[in-house]
Structures are given as structure tokens and as C-alpha cells.
Amino acid sequence: LGQRVASVHEGEPPPSILSRTMDALAGVVAETIDTVKSGCGHAIEPLMKMVAPMSDRTSMPMTRKRHSQIIPQKIIVPENWSAPIFEKSVGEASFIKKVVKTDALFNSLDDSDIEALIRAFEKVTFASGDAVITQGEPGDSFYIVDSGECDISVSGVTVMQAARGTKFGELALLHNAPRAASVTATSAVIAWKVDALTFKALLMDKAKQDTSDYLKFFEDVQLLRGLSKAEQLRLVDALQEEAYTAGSVIIREGTEGDLFYIIRDGEVKCTQFASGDQEVSKRLLRGDFFGELSLLSSQRRAATVTATQLTRTLTLERSAFNRLLGPLNHFLTNHADSYNNAGNNQL
């Protein structure tokens, strides 16, 4: 924890949030490249060269370098800094929220963080012909087009048009690379922008709060008490939080099991088709976990797990499960044996 907090003081977002956000950003840019690549020929190559160092994830459909070559821009939050607030109508705030919520880059932020971010967006205007951003120049702001149209070009060749709801400049929020494209207003444009300081400060605050909250929550999870503090911190970095409304199916009988779940709050029930959709185990509550049996055996889910009320879970994918919970394999195996001896089925 000390190391994570120290990195915040040095101006670097802690890895749990930064790594997830960089992965999300890599996916966003990859989708954009796929959209415009076929019609742009050689013009898209400069953009690909700018993006290539961002991730070494195998899912990225391009040549990548190692994470060690990623240099997130360091940022020092001034003492007594607070996020700026710019007046907006209800309709304007609703529009920004709708756009932001569809961007994977912001998935790590909870609702309160999103609201703070929305308040920090500043309205800016451009006349036809104005440069919004220029390829090769440093960038420190993220933009959402409210009205009007813009031309997005790489090395002087237009790759796409931006209109209401188009967003650009994500890279500037995390990385100190120069702008990978130019954006020029082709009509009168109204846009909303937020700067890197605001975004990263909110990100760092959330990272610190998440770490503190998760470590405290782990005290209520019998399974995780056997992990050292260092192991718990590594687990924090790998967890993903999901929310399910009452009636939502979390895992379905007959599907492959690739995720392990810990209930942070709420309640779920476990049912099986062969039992007439009757419940086949006690209801699971805060601190309970499920999904480990299929990961241990690689068998398909033998029951359906459904939220009975608003429920939040912390999930761990198979590779992270094997890597981080390996020290608890004996506990998990014994738990699986006792679960099956009690007459229940694998989830």
C-alpha cells in the first residue's frame, strides 16, 4: 500500500486503475483504426506507429512493444487542488454523461467520479477553419463534439469526420505522446473539453479509495485472509467490479466458466434446471464467493446464479485466478470437496 500511495505522490496513477484504463484505451484506439484503415491506406500508418507502444496485450491486432516502454505522463496535483466546476444545463450534462458512459476509458470510474468529471468539462467554441488539435503537438485535453463538424486527418489525409457525440484526445489524458492526428473545424463547432490534470487527479483519488476499500473488505472474506498483504495488493490490481440488478443472471447453467466471483454486497441464489429451477444451495451474501469450482475442474457451469437484489461482485479471470490464488489452492479444493459432499453441484 505504501508503494501504491508513494506512486500517487510522485504523480503516477496506481497500476490497478492505470493498467485497466490503458487496456481500455488501447481497445478504443484499435477500434478506431479498424474503422478507418480500409479507406486510408498509407495515411493511417503514422497513427498506428503512435499507438503501437501502448499495450502488449495479445488481443491488440497490431505490433506491440512491452509495457515497460509505456511512459504515463507524470502529473503533480497542486496542494489544495479541487476539480473545476463549469455551469451546464441539465440537457448538456445529460449529453456529456451519455457520451462518457459509452467510452471504455472511463469504465473504472464510479457514478460519483463520473459526476465530478462531467462538472469539470468546459464549453469551448471554434470557428470554421480553426484547429482544435494539431498532429505532432503536445496534448493535454479530451474533447466531445456537441454541435458542428470537424475533419480528422493524419499526415494531411482525412480519415474520418467528427460530428455531435464524437470524442477524441483520449491519449492525452494518460500518455505524454504528441497528438496522433489533427482535428479541424469545418463549421462552427461547440465542444466540451476536460484536461489531463482533472482526469488523472480523479483517477488517483479513486485508486487510493478503491485500494483502501478492497483491503478492508478482504477482512470479511474468509478465503482471502490467508493471503499476505503483498498478495492482497496484487489481487486488488486484478479485480474487476460488476453490478447486477435484481433478476440479472450472473452465470448460466451449461456455459463455460472463466470467472471467479466474490460478492461485495447484495445476494444471489443458485438454481438448477434438473431441479425444476429450485434453489440448490443456501443464498450467498457479502463475502461469499462462487465460480471457483468450474475453474478448478474446467467443467461447464452446472447451475445458474441470479442476483436477488442489487448486487456488486468482484471478479477475477481464469489466468489471474490461477496466478494470484495459487497459494489458496488447498483451501479452494477442500471447499470444493465439502461443497460437493453436501450434495450441491458445481457452479
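In every chain, residue numbers begin from 1 and rise along the written sequence. Only residues with pLDDT of at least 70 get local features here, since the model is predicted, and only at 80 or more are side-chain atom pairs given and counted; chain-wide, interface and lining totals rely on the full set of residues. In computing side-chain properties, one takes all heavy atoms of the structure into account and sets aside hydrogens as well as water.

1. Here's the deal with the overall build of the chain
Okay, so step 1: Working definition: helices are DSSP H or I runs of at least four residues, strands are E runs of at least two. Numbering for both runs from the N terminus. For the chain, the helix and strand inventory stands at eleven helices and 16 strands.
Okay, so step 2: Here a residue-residue contact requires only that any non-hydrogen atoms of the pair lie within 4.5 Å. When contacts within the chain are restricted to residue pairs at least 6 apart in sequence, those whose partners lie at least 24 apart make up 75%.
Okay, so step 3: Residue-level accessible areas treat just the shown protein chains as cover; the underlying method is Shrake-Rupley with a 1.4 Å probe. Surface accessibility of the chain: about 16900 Å² in total, with carbon and sulfur atoms responsible for 49%.

2. Examining helix H7 (residues 196–218)
Okay, so step 1: Helices are assigned an expected span. That span is 1.5 Å times one less than the residue count. Between its first and last C-alpha, H7 extends 32 Å over 23 residues, near the 33 Å set by a 1.5 Å rise per residue.
Okay, so step 2: Here a polar contact means two N or O atoms within 3.5 Å. Within protein one must be a hydrogen donor candidate and the other an acceptor candidate, and residues neighboring in sequence count only if both atoms are side-chain atoms. Capping of H7 at its N-terminal end is provided by Asp195; its side-chain oxygen lies 3.0 Å from the backbone amide nitrogen of Leu197.

3. Quick word on the packing of aromatic side chains
Okay, so step 1: Ring geometry is summarised as follows: Phe, Tyr and Trp rings, the Trp one being its six-membered ring, pair when their centres sit within 6.5 Å, and such pairs are stacked at plane angles under 30 degrees, edge-to-face over 60 and tilted between the two. The tally for this structure, following the rule as stated, stands at seven aromatic pairs.
Okay, so step 2: Between Tyr143 and Phe168, the ring centres sit 5.5 Å apart and the planes meet at 20°, which makes this aromatic pair stacked. Of the two residues, Tyr143 is situated in strand S3 (residues 141–147) and Phe168 in strand S6 (residues 167–168); the sequence distance between them amounts to 25 residues.
Okay, so step 3: By relative accessible area, Phe168 is classed as buried at 7%.
Okay, so step 4: Both rings, one in Phe260 and one in Phe321, keep their centres 5.2 Å apart while their planes meet at 50°; by these two values the pair is tilted. Taken together, the positions of Phe260 in strand S11 (residues 259–265) and Phe321 in helix H10 (residues 318–324) put the pair 61 residues apart, joining distant regions of the chain. Only protein chains enter the accessibility calculation, which uses a 1.4 Å probe; a residue whose area is less than 20% of its type maximum is buried, one above 50% is exposed, and one in between is partly exposed.

4. Considering the environment of Ala246
Okay, so step 1: Here Ala246 lies in the loop between strand S9 (240–244) and strand S10 (249–251).
Okay, so step 2: By relative accessible area, Ala246 is classed as exposed at 52%.
Okay, so step 3: The spacing of Ala246 and Gln309 is 63 residues in sequence and 4.0 Å in space, taken between C-alpha atoms.
Okay, so step 4: Setting aside chain neighbours within four positions, we find Ala246 in contact with Ala307, Thr308, Gln309 and Leu310.

5. Comments concerning the sheet that holds S10
Okay, so step 1: Read from one edge of the open sheet, four strands run S10-S15-S12-S13, paired in antiparallel fashion. Each having just a single partner strand, S10 and strand S13 (278–279) make up the two edges of the open sheet.
Okay, so step 2: Strands are labelled as partners when DSSP assigns at least two bridges between them. Note that strand S12 (residues 268–272) and S13 share two bridges and pair antiparallel. Opposite Thr271, over in S13, you have Glu279 as the bridge partner.

6. As for the packing of H7 against helix H8 (residues 229–238)
Okay, so step 1: Axis angles are defined between N-to-C directions and span 0 to 180 degrees, where every axis is a line fitted to C-alpha atoms and, for a helix, only to the segment in contact. Where H7 contacts H8, the axes come no closer than 10 Å and their chain directions differ by 125°. In terms of orientation, H7 lies oblique with respect to H8. Of the two elements, H7 crosses H8, and the hand of that crossing is right-handed. Here H7 contributes Thr211, Tyr214, Leu215 and Phe218 to the contact with H8, which in turn contributes Lys229, Gln232, Leu233, Leu235 and Val236.
Okay, so step 2: Under this grouping Gly is polar, as are all residues other than the nonpolar Ala, Val, Leu, Ile, Met, Phe, Trp, Tyr, Cys and Pro and the charged Asp, Glu, Lys and Arg. Residues of the contact of H7 with H8, tallied by class, amount to six nonpolar, two polar and one charged. If an angle is under 35 degrees, it is roughly parallel; if it is over 145, roughly antiparallel; if it lies from 65 to 115, roughly perpendicular; otherwise it is oblique. Each crossing gets its hand from how the near helix is turned against the far one by less than a right angle, where anticlockwise is left-handed and clockwise is right-handed.

7. Description of the confidence of the model for the chain
Okay, so step 1: Across the chain, the average pLDDT comes to 76, with 72% of residues at 70 or higher.
Okay, so step 2: Strand S1 (residues 122–126) holds the highest mean pLDDT among the elements of the chain, 97, whereas helix H1 (residues 2–9) holds the lowest, 37.
Okay, so step 3: The pLDDT score gives, residue by residue, the confidence of the prediction method on a 0 to 100 scale. Confidence over residues 28–72 falls short of pLDDT 50; this stretch has 70 contacts with residues more than four positions distant or in other chains.
Okay, so step 4: For residues 342–346, every residue scores under 50 in pLDDT, and the model assigns this stretch 15 contacts once sequence neighbours within four places are set aside.

8. Topic: the side chain of Glu92
Okay, so step 1: Residue placement: Glu92 occurs in helix H4 (residues 90–101).
Okay, so step 2: At 2.9 Å, the side chain of Glu92 and the side chain of Lys123 are in polar contact.
Okay, so step 3: Discounting residues that sit within four places of it in the chain, Glu92 has contacts with Lys123 and Trp192.

9. Topic: the sheet that holds strand S7 (residues 182–185)
Okay, so step 1: Strand order in the open sheet formed by four strands is S2-S7-S4-S5, with antiparallel pairing between adjacent strands. Either end of the sheet is taken by a strand with one partner, and the two such strands are strand S2 (131–133) and strand S5 (157–162). Neighbour-to-neighbour, the strand axes of this sheet turn through a mean angle of 30°, independent of strand direction.

10. With respect to the pattern of salt bridges
Okay, so step 1: A carboxyl oxygen of Asp or Glu within 4 Å of a side-chain nitrogen of Lys or Arg is what we treat as a salt bridge. Evaluation of the coordinates by the stated rule reveals 13 salt bridges.
Okay, so step 2: Residues Arg264 and Glu241 are paired through a salt bridge, measuring 2.8 Å at the closest nitrogen-oxygen approach. Here Glu241 lies in strand S9 and Arg264 lies in strand S11, a separation of 23 residues in the sequence.
Okay, so step 3: Residue class for Glu241 comes out partly exposed when judged on its relative accessible area of 31%.
Okay, so step 4: Arg312 is the salt-bridge partner of Glu241, the closest N and O atoms lying 2.9 Å from each other. In this pair, Glu241 sits in strand S9 while Arg312 sits in strand S16 (residues 311–317), placing the two residues 71 residues apart along the sequence.
Okay, so step 5: Classification of Arg312 by relative accessible area gives partly exposed; the value is 29%.
Okay, so step 6: Bridged by salt links that share partners, the residues Asp213, Glu241, Arg264, Asp265 and Arg312 form one connected network.

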